[in-house]
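# A closer look at the structure
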Amino acid sequence: MILFTSYSFITAILVSNLFFVFFVCLSKSDKILLHIPLRVFAVFGTALLVKFLFPVEFVHAKVISSFEIFPTIIRIMEKKLFTIGGFAVQVRWLLLAVWIAGIFCISWSRIHFYRQLIHRFGHLPSVCDERYLKILEEVKKENGYQFETTVIVDKNIRTILEYGYFRQIIFLPKAAYTEGELQYIFLHELEHFANKTNWMKLIVMVLECIFWWNPLVYLFRDACAQLLEVYCDSCVSRKMNKQEKVDYLGCLLQEMKRERTVCRSYPFGSQFFRQA
């Protein structure tokens, strides 16, 4: 038999906090993180979501006794604040209402952002510049990328952005990129698609929406963003010789300098675009 209890709910929150702290501490060492497949973090993140959304426990589960802390929390949560139409509003119901309202607000802001992104740029035709298409196909062929990719270039796009879960789209600002820079840009963005990092970002975004009240989730979000960028850079650099690595680093720095003139962001993975 499976039960839903206050204990299981509080346990789910504590487990999530431990996971956030553990990951943030682990993120301080890139060497450790780069030896762990991204799928492992995706599985842990998904498991955390399932544990929180379905905070249940089995009848035969072993429970750690708490004679002061847990009973005190329960008493505070069950404290009656006021009555509305015969319904006693307790602290827990008020906190739950605020929590759910925050989830809806944060979720709507994220959905609105992506809807605005697609509304502004999704209707634009894919780039017809033969130079872009030739370089893209060369990079895909050399590295064995089989998925279809659309490239959209527009003057209102402020920074490079990869987007898409089933349809892969690369948004590029209208800048004077050299052939070498385009090769490295496409290689980096295609590596994001190959590693399914957008799906992992989606899991992180859902966690952020749920735990919007928890400062740890924002540290966790930033650590995940850094991990995904470092991981993709590591995958890309393994395919390069020493000179190519130097050129790739120079491309990263050059793009960072260009972006600093229009927005504050990370190279090759930011989600900022010009408000046209």
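Predicted model, so just to flag it, every value in this text is computed and none were measured. Residues take numbers from 1 onward in each chain, read along the sequence in its written order. Only residues with pLDDT of at least 70 are given local features in this predicted model, and only at 80 or more are side-chain atom pairs given and counted; all residues enter the totals for whole chains, interfaces and linings. Side-chain figures throughout are based on the complete set of non-hydrogen atoms in the structure, without hydrogens or water.

### Quick word on empty space enclosed by the protein
Unfilled space is identified by rolling a water-sized probe across the atoms. Using only the protein atoms, space was sampled on a 1 Å grid; points where a 1.4 Å probe fits but cannot get out form cavities, open sets with protein on both sides within 12 Å along at least five of seven lines form pockets, and lining residues are those with an atom within 4 Å of a point. Grid points are joined across faces, edges and corners, and a volume is the space filled by probe spheres set on the points. Scanning the entire structure with this criterion turns up two cavities of 30 Å³ or more. Each pocket or cavity is described by its volume, and for the largest cavity that value is around 140 Å³. Along the wall of the largest cavity there are 13 residues; nearest its centre are Phe 41, Ala 42, Met 200, Val 204 and Cys 224. Of all the secondary structure elements, the ones that give two or more residues to the lining of the largest cavity are α1 (6-26), α3 (38-53), α8 (197-210) and α9 (215-237). Taken as a whole, the second largest cavity holds about 50 Å³ of empty space. Taken together, Gly 164, Tyr 165, Gln 168, His 192, Phe 193, Lys 196, Thr 197, Asn 198 and Trp 199 make up the lining of the second largest cavity. A run of H or I in DSSP counts as a helix once it spans at least four residues, and a run of E counts as a strand once it spans at least two, with each numbered from the N terminus. At the level of secondary structure, the elements contributing two or more residues to the lining of the second largest cavity comprise α7 (179-194) and α8. Ranked by the residues each element gives to the lining of the second largest cavity, the list is headed by α8, at three residues.

### Some remarks on the environment of Cys 232
Among the secondary structure elements, Cys 232 is positioned in helix α9. By relative accessible area, Cys 232 is classed as buried at 0%. Sequence separation of Cys 232 and Asn 195 is 37 residues, and the distance between their C-alpha atoms is 8.0 Å. In what follows, residue pairs with any heavy atoms lying within 4.5 Å of each other are defined as contacts. With residues near it in sequence (within four places) discarded, Cys 232 still touches His 188, Glu 191, His 192, Asn 195 and Thr 197. The cut-offs for exposure are 20% and 50% of the maximum accessible area for each residue type, with area from a 1.4 Å probe on protein chains only; residues under the lower value are buried, those over the upper are exposed, and the others partly exposed.

### Considerations on the side chain of Lys 140
Along the chain, the position of Lys 140 falls in helix α6 (residues 130-143). When charges are tallied, Lys and Arg are placed among the positive residues and Asp and Glu among the negative ones, while His and the ends of the chain are skipped. Here, a salt bridge means any Lys or Arg side-chain nitrogen found within 4 Å of an Asp or Glu carboxyl oxygen. Buried and without a salt bridge, Lys 140 has Glu 137 as its closest oppositely charged side chain, separated by 4.1 Å. Non-local contacts of Lys 140, meaning those with residues more than four positions away in its chain, are made with Tyr 145, Phe 147, Glu 148, Thr 149 and Leu 190.

### Details of a nonpolar patch on the surface
Taken together, Leu 81, Phe 82, Ile 84, Leu 94 and Val 98 make up a surface patch of nonpolar side chains, about 430 Å² in accessible area. Put simply, the parts of the chain that give the nonpolar patch at least two residues each are β3 (80-84) and α5 (91-122). Counting residues per element, the nonpolar patch draws most heavily on β3, which supplies three residues. The topology assignment puts Val 98 in helix α5. Patches were defined on residues exceeding 30% relative accessible area and lacking a salt bridge, with like-charge contacts within 9 Å and nonpolar side-chain contacts (Val, Leu, Ile, Met, Phe, Trp, Tyr) within 5 Å. The method behind every accessible area is Shrake-Rupley, applied with a 1.4 Å probe, and residues are considered shielded solely by the protein chains displayed.

### With respect to the nonpolar core
Formed by 28 residues in total, the largest nonpolar core has its most connected members in Phe 20 and Phe 220. The set of elements that each furnish at least two residues to this core consists of α1, α3, α8 and α9. It is α9 that contributes the most residues to this core, eight residues altogether. With sequence-adjacent residues up to four places away left out, Phe 20 is seen in contact with Leu 48, Leu 207, Phe 211, Asn 214, Leu 216, Val 217 and Phe 220. We define the nonpolar core as a collection of buried residues of types Ala, Val, Leu, Ile, Met, Phe, Trp, Tyr and Cys that are connected through side-chain atoms lying within 4.5 Å of one another. Core analysis: the next-biggest nonpolar cluster, separate from the first, contains 22 residues, Ile 170, Ile 185, Leu 187 and Leu 190 among them.

### Considerations on the pairing of strand β7 (residues 168-173)
As a general feature of sheets, a regular strand has side chains that alternate between the two faces. A large share of β7 lies buried, amounting to six of its six residues. With burial as the criterion, each face of β7 is covered, one bearing Gln 168, Ile 170 and Leu 172 and the other bearing Ile 169, Phe 171 and Pro 173. One ladder, built from six bridges, connects strand β5 (residues 149-154) with β7; its direction is parallel. Along β7, the bridge assignment pairs Ile 152 with Phe 171. One requirement defines pairing of two strands: DSSP has to find at least two bridges between them. In sequence, strand β6 (residues 161-163) turns back onto β7 through a hairpin of four residues, with Gly 164 there showing a positive phi of about 125°.

### Some words on the packing of aromatic side chains
Any Phe, Tyr or Trp ring, taking Trp's six-membered ring, that has another such ring centre within 6.5 Å forms a pair; planes under 30 degrees apart are called stacked, those over 60 apart edge-to-face, and the others tilted. Inspection of the entire model under this criterion finds 17 aromatic pairs. Plain terms: the ring middles of Trp 99 and Trp 213 are 5.3 Å apart, the flat faces sit at 85° to each other, and that makes the pair edge-to-face. Of this pair, Trp 99 sits in helix α5 while Trp 213 sits in the loop between α8 and α9, placing them 114 residues apart in sequence. The class of Trp 99 is buried, set by a relative accessible area of 12%. Ring centres 5.4 Å apart and planes at 80° place the aromatic pair Phe 166 and Trp 199 in the edge-to-face group. With Phe 166 in the loop between β6 and β7 and Trp 199 in helix α8, this residue pair connects regions lying 33 residues apart in the sequence. According to the relative accessible area criterion, Trp 199 is partly exposed, its value standing at 34%.

### Structural notes on the pattern of salt bridges
Inspection of every chain in the model, using the stated rule, returns five salt bridges. Put simply, Arg 110, Glu 208, Arg 221 and Asp 222 are held in one network by salt bridges that share partners.

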